[in-house]
Every structure is written in structure tokens, then in C-alpha cells.
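Listed below, chain by chain, are the residues.
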Amino acid sequence: RGGGVVATRTTGADGIYEFGGLPEGVYTVCVDPAPAGFRSTFDADGVPDGCAGVVLGPDEERWDIDFGYQKLCSIGDRVWSDVNADGIQDAGEPGIVGVTVVLKNGGGNVLATTTTGVDGIYNFANVPTGVYTVCVDPAPEGYFQTYDLDGVLDNRATVSVAPGQFRKDADFGYQEAGTIGDRVWEDANV
């Protein structure tokens, strides 16, 4: 009543909570803060925002004020210099720092962009369950691709994640391009 906090509760091991002894009235029940690493998927009022409005009548018990959450996922791993171009991350092969990696949804829309850090490591955290495309865009200059997860070698890979899954296999391998050349000249004294 009056917009203030009436009571707080912590859910038990089974996720059950209860506010007892309440007078009739209009209440808002909120999960605050939201559980870390989860996203809201269901509220009793149909708007998955972590809060639900409740009208409580005299002597009424409401056991239908539920909240659903989905465990979020992560996608990532490494962009590395495949020194011997075998498509395998061998011990000692260095990561490529400063490479832009893009996460896209199934419709091709960009959801997030990051840059590889130390050892070529990158990560997209707090990703909902689904199918995504991870792209190296642009490809590292002066390199040619030797590996990606789906084997197509097009600087992108399709990655599916299930609830709570951390995909640590969305790797991209590149070998530094070599150079061949010198000079063509007229041999005047032949």
C-alpha cells in the first residue's frame, strides 16, 4: 500500500516463496534483483519484466504468482595464428589480439561486437538459448583462414546454445600470409 516495500522474502531450494498475513489490496510482487545469469521468460501478468501486479481479496490466497527464468549462455573462445596451417590449435600457437568478432541472430542482425584480447580470447556472455552466427569481420589483414567451427572457411560459424551452455569451441584459425617475389630484369650481357 502506498508504493512502499511491504515485505521481502528469499526463495527456498525449490524456488517457493510466500507472503502471508496480508490485508486485501493491490500489490506488486517483484524478483529484485533478477537472478544473475538468467533472463525473465514468464511473469504471472504476462509481461516478463520480473514484476507482477496482484489484486488480493479478503481471505484470498494466490498461489499463481509465478516467475520463469531461463539460464543464459556464453559463446566464445579464440582467434589464433595457425603457424603450420593444419587447422589445429597446437601448443604454443599464439592468439591474434585486436580482431573484431560479431555475434548475429538467425535473421542476420548484429547483437553484439567484441574484440579479441590477450591470447586472441573473446566471449559473448549472457546470450539466450538459440542459434547464432559468429563472424570475424573484418578478417585479420595479412592472414588467410585455416579453421572455423563449421569448416566452411568463410570467417563465420553457426553456433547453437542450450540453456546454461558455454560454447568454448567457436574458434577461428588464420595463418600469416607469406610473400614471394623479387625482381625481373633485362640481362644485357648474356
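First things first, this report covers the structure right here in the doc. (Residues numbered from 1 in each chain as written. Predicted model: local features only at pLDDT ≥ 70, side-chain atom pairs only at ≥ 80, totals over all residues. Heavy atoms only, no water.)

### Looking at the environment of Tyr 174
Filter applied, for reference: A run of H or I in DSSP becomes a helix once it reaches four residues, and a run of E becomes a strand once it reaches two; helices and strands are each numbered from the N terminus. Two N or O atoms form a polar contact when they lie within 3.5 Å of each other; inside protein one atom must be a possible hydrogen donor and the other a possible acceptor, and for residues adjacent in sequence the pair counts only when both atoms belong to side chains.
Mapped onto the elements of the fold, Tyr 174 is located in strand β13 (residues 172–176). Each C-alpha atom, one on Tyr 174 and one on Asp 45, is 50 Å from the other, the two residues being 129 residues apart in sequence. Here Asn 155 takes part through its side chain, which lies 2.6 Å from a polar atom of the side chain of Tyr 174.

### Focus: the pattern of salt bridges
For clarity, the threshold we go by: By convention in these notes, a salt bridge is any Lys or Arg side-chain nitrogen within 4 Å of a carboxyl oxygen on Asp or Glu. Accessibility here uses a 1.4 Å probe with only protein chains present; expressed as a share of the type maximum, an area under 20% marks a residue as buried, one over 50% as exposed, and anything in between as partly exposed.
Applying the stated criterion across every chain, the model contains three salt bridges. A salt bridge links Arg 156 to Asp 154; the shortest N-O distance between them is 3.7 Å. Take Arg 156: its relative accessible area is 39%, and that puts it in the partly exposed class. Residue Asp 169 is joined to Arg 167 by a salt bridge in which the shortest nitrogen-to-oxygen separation is 3.0 Å. Residue classification places Arg 167 among the buried residues on the basis of a relative accessible area of 17%.

### Here's the deal with the environment of Ile 121
Keep this limit in mind: By definition, residues are in contact when any of their heavy atoms lie within 4.5 Å.
Structurally, Ile 121 is set in strand β8 (residues 121–127). Expressed as a C-alpha distance, the spacing of Ile 121 and Gly 95, which sit 26 residues apart in the sequence, is 7.2 Å. Filtering out sequence-adjacent residues up to four positions away, Ile 121 remains in contact with Asp 77, Arg 78, Thr 115 and Thr 116.

### Examining the side chain of Asp 43
How we decide: In this tally, Asp and Glu contribute negative charge and Lys and Arg positive charge; neither His nor the terminal groups of the chain are included.
Among the structural elements, Asp 43 can be located in strand β2 (residues 38–43). We note that Asp 43 is buried and unpaired, the nearest opposite charge coming from Arg 39 at a distance of 11 Å. A distance of 2.9 Å separates a polar side-chain atom of Asp 43 from the backbone nitrogen of Gly 50. A distance of 3.2 Å separates the side chain of Asp 43 from the backbone nitrogen of Cys 51, its partner in a polar contact. Discounting residues that sit within four places of it in the chain, Asp 43 has contacts with Pro 48, Asp 49, Gly 50, Cys 51, Asp 66 and Phe 67.

### Regarding the packing of aromatic side chains
Quick reminder of the rule: Two rings belonging to Phe, Tyr or Trp (six-membered ring only in the last case) form a pair when the distance between their centres is within 6.5 Å. Interplanar angles under 30 degrees mark stacking, angles over 60 mark edge-to-face geometry, and anything in between is tilted.
The full count for this structure, using the stated rule, is four aromatic pairs. Pairing Tyr 17 with Phe 19 gives two aromatic rings, centres 5.8 Å apart and planes at 65°, and the pair type is edge-to-face. When its relative accessible area of 23% is taken as the criterion, Tyr 17 is described as partly exposed. Classification of Phe 19 by relative accessible area gives partly exposed; the value is 28%. On the numbers, 5.8 Å between centres and 45° between planes, the contact of Trp 80 with Tyr 147 is tilted. In this pair, Trp 80 is assigned in strand β5 (residues 73–81) and Tyr 147 in strand β10 (residues 143–148), connecting sequence segments 67 residues apart. Residue classification places Trp 80 among the buried positions, given a relative accessible area of 1%. Accessibility expressed as a relative area gives 25% for Tyr 147, which makes it partly exposed.

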